[in-house]
Amino acid sequence: MKIKKIILIIYFSFFVSLYAYENYSGASEIYKNLRCLICQGQSIADSNSDFAVTIKLVVQDLISEKKTNDEIYSFLISKYGEWIVYQPSFNKNNFLLWTLPYAVLVLGGFIIFFIFRKNKYNKVN
Amino acid sequence: MKVSILKIIIFSFVIFCLFVFWQGLKKNNNYDTKNLIGARISNFQFTEINNENKSISEKDLKNNKFTLINFFASWCAPCRTEHKYLLNLSNKKIKIIGINFKDKKKNANNFLNELGNPYHFVGKDSDGKASVLFGVYGIPETILINNNLNIIKKIIGPIDQNQYNEILDLIK
């Protein structure tokens, strides 16, 4: 009977800690993508500044209100501007930021293709 | 001929990258609130610092042509330097709301007793969460809003003579 009780307690505490971890990891993902505006190069997750602590509390509140990550980011962007998020949204101002890596990839492919073709041509001749 | 085209492409690309980096270096990466001018504030409520039954919300501010919301704390040294400007503004045609930020009631009252109270209402934000609705990230901060609750001006740091004059111009 005693063993059964112990197993039940362990079983229960395991699920409680699992639930707490899931909630925490959800919030911590958001903290990592938020910039601490008063720190040098630190995210909200990295900082214990007054501002970071307040934003963590606000994010926790929004999570408990069942807000989605996008809704939380949108809320904070509306209050602090796009600067607060590390991953900016796609718009005309950062069009190059999002498309340039793909353009470079394609351009690189063309360059490699031309170099190979040139080497092949030289070998044949 | 093909090789020369390739070289031109690579050279152009390198020049382009250098240009982008150069432009990037010129850009100011400090946080500023230019984009927040014109934004509307909503869904807020502050309880009076000395009276839990008294509060202020957005509907109370809609009656004022302009409202200046000042976030202050007794522990904040720059708040002392800007206080004289707030006292001067309290004599003008503008309502000033003070929000006591992460402070103790006793210290806040001592601060106002010592320096004077320029506020028509003193609210409290003990944990700083409500101030996030106003985009506050440090103390002192001051926000000038119109009766549509749109932000007209946001001052980060203490109010100085130039900002005081700007506020006077805006509320004319």
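Residues numbered from 1 in each chain as written. Chains lettered and ligands numbered in written order. Predicted model: local features only at pLDDT ≥ 70, side-chain atom pairs only at ≥ 80, totals over all residues.

A. Spatial organisation of the overall build of chain A. Within chain A, the regular secondary structure consists of four helices and zero strands. For chain A, the α and β elements follow one another from N to C terminus as α-α-α-α. Computed over its C-alpha atoms, the radius of gyration of chain A comes to 25 Å, more than 25% above the 14 Å expected for a compact globule of 125 residues. Its C-alpha atoms give chain A principal-axis dimensions of about 90 × 45 × 25 Å. (Helix = DSSP H or I, 4+ residues; strand = E, 2+ residues; numbered from the N terminus. Rg over C-alpha atoms; globule rule 2.2 N^0.38 Å.)

B. Layout of the interface of chain A and chain B. Taken together, the contact pairs 17 residues of chain A with 17 residues of chain B. Of all elements in the fold, only α2 (50-64), α3 (69-80) and α4 (95-124) of chain A reach the threshold of two or more residues within the side of chain A that touches chain B. Broken down by element, the side of chain A that touches chain B gets its largest block of residues, six residues, from α2(A). In the side of chain A that touches chain B, the residues fall into eleven nonpolar, three polar and three charged. (Contact = placed C-beta atoms within 7 Å. Nonpolar A, V, L, I, M, F, W, Y, C, P; charged D, E, K, R; others polar.)

C. Representation of the sheet that holds strand β5 (residues 121-125) of chain B within the structure. Residues and elements named next belong to chain B. What the seven strands build is an open sheet, ordered β2-β1-β5-β4-β3-β6-β7; its pairing is mixed. The open sheet has two edge strands, β2 (55-57) and β7 (151-156), and neither has a second partner. Neighbour-to-neighbour, the strand axes of the sheet open up by a mean angle of 25°, direction not taken into account. Bridge analysis of strand β6 (residues 141-146) against β7 gives five bridges, and the strand direction is antiparallel. Following the sheet pairing, Ile145 is matched in β7 by Ile151. (Pairing = 2+ DSSP bridges. Axes fitted to C-alpha atoms, helices over the stretch in contact; angles between N-to-C directions.)

D. Molecular detail of the domain arrangement of chain A. With domains assigned, chain A is organised as domain 1 (2-89) and domain 2 (90-125). Of note, the centres of domain 1 of chain A and domain 2 of chain A, computed from C-alpha atoms alone, are 40 Å apart. (Domains from an automatic or database assignment.)

E. Representation of the nonpolar core within the structure. Among the nonpolar cores identified, the biggest contains 48 residues, and A:Ile55 and B:Ile69 are the most heavily contacted of them. Elements with a minimum of two residues in this core: α1 (2-32), α2 and α3 of chain A together with β3 (66-72), α3 (77-89), β4 (95-101), α4 (105-115) and β6 of chain B. Apart from residues no more than four positions distant in its own chain, B:Ile69 is found in contact with B:Ile97, B:Ile99, B:Phe134, B:Thr142, B:Ile143 and B:Ile145. (Core = buried A, V, L, I, M, F, W, Y, C linked by C-beta atoms within 7 Å. Buried ≥ 20, exposed ≤ 12 C-beta atoms within 10 Å, placed from the backbone.)

F. View of α2(A). Residues and elements named next belong to chain A. In a regular helix each residue adds 1.5 Å, so 15 residues correspond to 21 Å; α2 covers 21 Å between its end C-alpha atoms and thus fits that length. Of the residues making up α2, those classed as buried are Ala52, Thr54, Ile55, Val58 and Val59. Burial along α2 is one-sided: seen end-on, the buried residues are contained in an arc of 160°. Taken from the residues just after α2, Lys66 is the one with a positive phi, measuring 65°. (Expected span 1.5 Å × (residues − 1). Arc of directions from axis to C-beta.)

G. Highlighting the domain arrangement of chain B. Once the domains are mapped, chain B shows domain 1 (1-30) and domain 2 (34-170). In this structure, domain 1 of chain B and domain 2 of chain B have C-alpha centres spaced 47 Å apart.

H. Summary view of unusual backbone geometry. Residues and elements named next belong to chain B. A cis amide bond, omega 0°, links Ile139 with the succeeding residue Pro140. Checked against the element boundaries, Pro140 lands in the loop between β5 and β6. Of note in the backbone geometry, Lys102 takes a positive phi value of approximately 45° without being a glycine.

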